[in-house]
Amino acid sequence: MTGFKTLHGAAQMKALGARVARQFARAAKGKKGNAAAVFALVGDLGSGKTTFVQGFVGALNKRHRVVSPTFLIMRPYPVARRGKRNIRRIYHMDAYRIRRGAQLAPVGFYDALKEPDAVILVEWADRIKRHIPPHARWISFTHGETETMRRVALRRR
C-alpha cells in the first residue's frame, strides 16, 4: 500500500488489511530478518484500526476471530501454513492503556520484537512512540466526511 486510500465501510477496510498482509507476506518470503516486522497503527477511536487488523490476520489465518486486545494488551495469532511464509506469528497489540514503557515488558512486547518471523500490529502506537522500532511501517486512520468513510495513509514517524 502506498499513499492514501479512501474507503467506504468495514468490508473495504478488511480487504485493505488483507491486501497489505498478502503483499507483506510475499515480500517477506525467503528473507531473513533479525527482528519482528512492526505496523504502527494510529487514529481516533472508531477509525478502522481493529477492522484493518481483522483483515490482516484473516488473510494469513482464517481460523481465528480477531477482537481488540484492549484488556489483554497483546494477543498472539499463529499463522496457518507457515511453511510457505516467513511469518510464524502475528501479535495484535492495543497500547491505549499503556502509560509507561515499563508496562510493555510484562505483556511480552520486547520479546515479540526479537522474533524475526513475527509481525506486530500495534493499535494506538503513538502512545508508545519511543518504543516503536525505527523500521516500523506507520499507518494512520482518519474519519471521512460520511459515517462510513475512512482515510488510510502511510506516514512517517
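Use the structure listed above.
Structural notes, computed from the coordinates. (Residues numbered from 1 in each chain as written. Predicted model: local features only at pLDDT ≥ 70, side-chain atom pairs only at ≥ 80, totals over all residues. Heavy atoms only, no water.)

## Concerning the overall build of the protein chain
Then, number 1: When its secondary structure is counted, the protein chain shows three helices and seven strands.
Then, number 2: The helix and strand sequence of the protein chain, counted from the amino end, reads β-α-β-α-β-β-α-β-β-β. (Helix = DSSP H or I, 4+ residues; strand = E, 2+ residues; numbered from the N terminus.)

## Side note on the packing of aromatic side chains
Then, number 1: One pass over the full model with this rule turns up six aromatic pairs.
Then, number 2: Taking NZ or CZ as reference, Lys49 lies 4.2 Å from the ring centre of Trp124, over its face. (Phe/Tyr/Trp six-rings, centres within 6.5 Å; stacked < 30°, edge-to-face > 60°. Lys NZ or Arg CZ within 6 Å of the ring centre and 35° of its normal.)

## Considerations on a positive patch on the surface
Then, number 1: A cluster of basic residues, Arg19, Arg22, Arg26 and Lys62, forms a positive patch on the protein surface.
Then, number 2: By secondary structure assignment, the location of Arg19 is in helix H1 (residues 10–28). (Patch = residues over 30% accessible without salt bridge, like charges linked within 9 Å, V, L, I, M, F, W, Y side chains within 5 Å. Areas by Shrake-Rupley, 256 points an atom, 1.4 Å probe, with all protein chains shown as cover. Salt bridge = Lys/Arg side-chain N within 4 Å of Asp/Glu carboxyl O. Lys, Arg positive; Asp, Glu negative; His and termini not counted. Charge placed at Lys NZ, Arg CZ, Asp CG, Glu CD.)

## Digging into the side chain of Thr51
Then, number 1: In this fold, Thr51 is placed in helix H2 (residues 49–60).
Then, number 2: When residues no more than four places from it in sequence are discounted, the contact partners of Thr51 are Ala10, Met13 and Lys14. (Contact = heavy atoms within 4.5 Å.)

## Re the packing of H1 against H2
Then, number 1: Close contact between H1 and H2 brings their axes to 7 Å; oriented N to C, the two are set at 45°. Our classification of the angle between H1 and H2 gives oblique. As for the relative orientation of H1 and H2, their crossing is right-handed in sense. Within the contact between the two elements, H1 uses Ala10, Met13, Lys14, Leu16, Gly17, Ala18, Val20, Ala21, Arg22 and Ala25 and H2 uses Thr51, Phe52, Gln54, Gly55, Phe56, Ala59 and Leu60.
Then, number 2: Residue classes in the contact of H1 with H2 are distributed as eleven nonpolar, four polar and two charged. (Axes fitted to C-alpha atoms, helices over the stretch in contact; angles between N-to-C directions. Parallel < 35°, antiparallel > 145°, perpendicular 65-115°, else oblique. Left-handed = near helix turned anticlockwise from the far one by under 90°. Nonpolar A, V, L, I, M, F, W, Y, C, P; charged D, E, K, R; others polar.)

## Considerations on the side chain of Arg150
Then, number 1: Position of Arg150 relative to the elements: it lies in strand S7 (residues 149–155).
Then, number 2: Although Arg150 lies buried, it forms no salt bridge, and the closest oppositely charged side chain, Glu147, sits 7.2 Å away as judged by the N-O distance.
Then, number 3: A polar contact is formed between the side chain of Arg150 and the backbone oxygen of Gly46, at a distance of 3.0 Å.
Then, number 4: Residues in contact with Arg150, not counting those within four places in the same chain, are Lys5, Thr6, Leu7, Met13, Gly46, Ser47, Gly48, Thr142, His143 and Gly144. (Buried < 20%, exposed > 50% of the residue type's maximum accessible area, 1.4 Å probe, protein only. Polar contact = N/O pair within 3.5 Å; in protein donor to acceptor, adjacent residues only side chain to side chain.)

## Description of the nonpolar core
Then, number 1: Phe39, Phe52, Phe56 and Ile90 are the most contacted members of the largest nonpolar core, which has 28 residues in total.
Then, number 2: Of all elements in the fold, only H1, strand S2 (37–43), H2, strand S5 (118–123) and strand S6 (137–143) reach the threshold of two or more residues within this core.
Then, number 3: The element best represented in this core is H1, accounting for eight residues.
Then, number 4: Ignoring any residue separated from it by four or fewer positions in sequence, one finds Phe52 in contact with Met13, Leu16, Gly17, Val20, Leu41, Ile139 and Phe141. (Core = buried A, V, L, I, M, F, W, Y, C linked by side-chain atoms within 4.5 Å.)

## So, H2
Then, number 1: Given a rise of 1.5 Å per residue, twelve residues ought to cover 16 Å, and the 17 Å separating the end C-alpha atoms of H2 matches this to within 8%.
Then, number 2: Restricting attention to buried positions, one finds in H2 the residues Lys49, Thr51, Phe52, Val53, Gly55, Phe56, Val57, Ala59 and Leu60.
Then, number 3: Looking at the packing, one finds that the buried side of H2 touches H1, S2, strand S3 (74–78), strand S4 (89–94), S5 and S6. (Expected span 1.5 Å × (residues − 1).)

## Topic: unusual backbone geometry
Then, number 1: Even without being glycine, Trp124 reaches a positive phi, approximately 60°.
Then, number 2: The residue Trp124 is located in the loop between S5 and S6 in this model.

## What about the pattern of salt bridges?
Then, number 1: Across all of its chains, the model carries four salt bridges by this definition.
Then, number 2: Here Arg88 makes a salt bridge to Asp117, at a shortest N to O gap of 3.6 Å. Remark: Asp117 occurs in the loop between helix H3 (109–113) and S5 and Arg88 occurs in the loop between S3 and S4; sequence separation between them is 29 residues.
Then, number 3: A salt bridge links Arg89 to Glu115; its shortest N-O distance comes to 3.5 Å.

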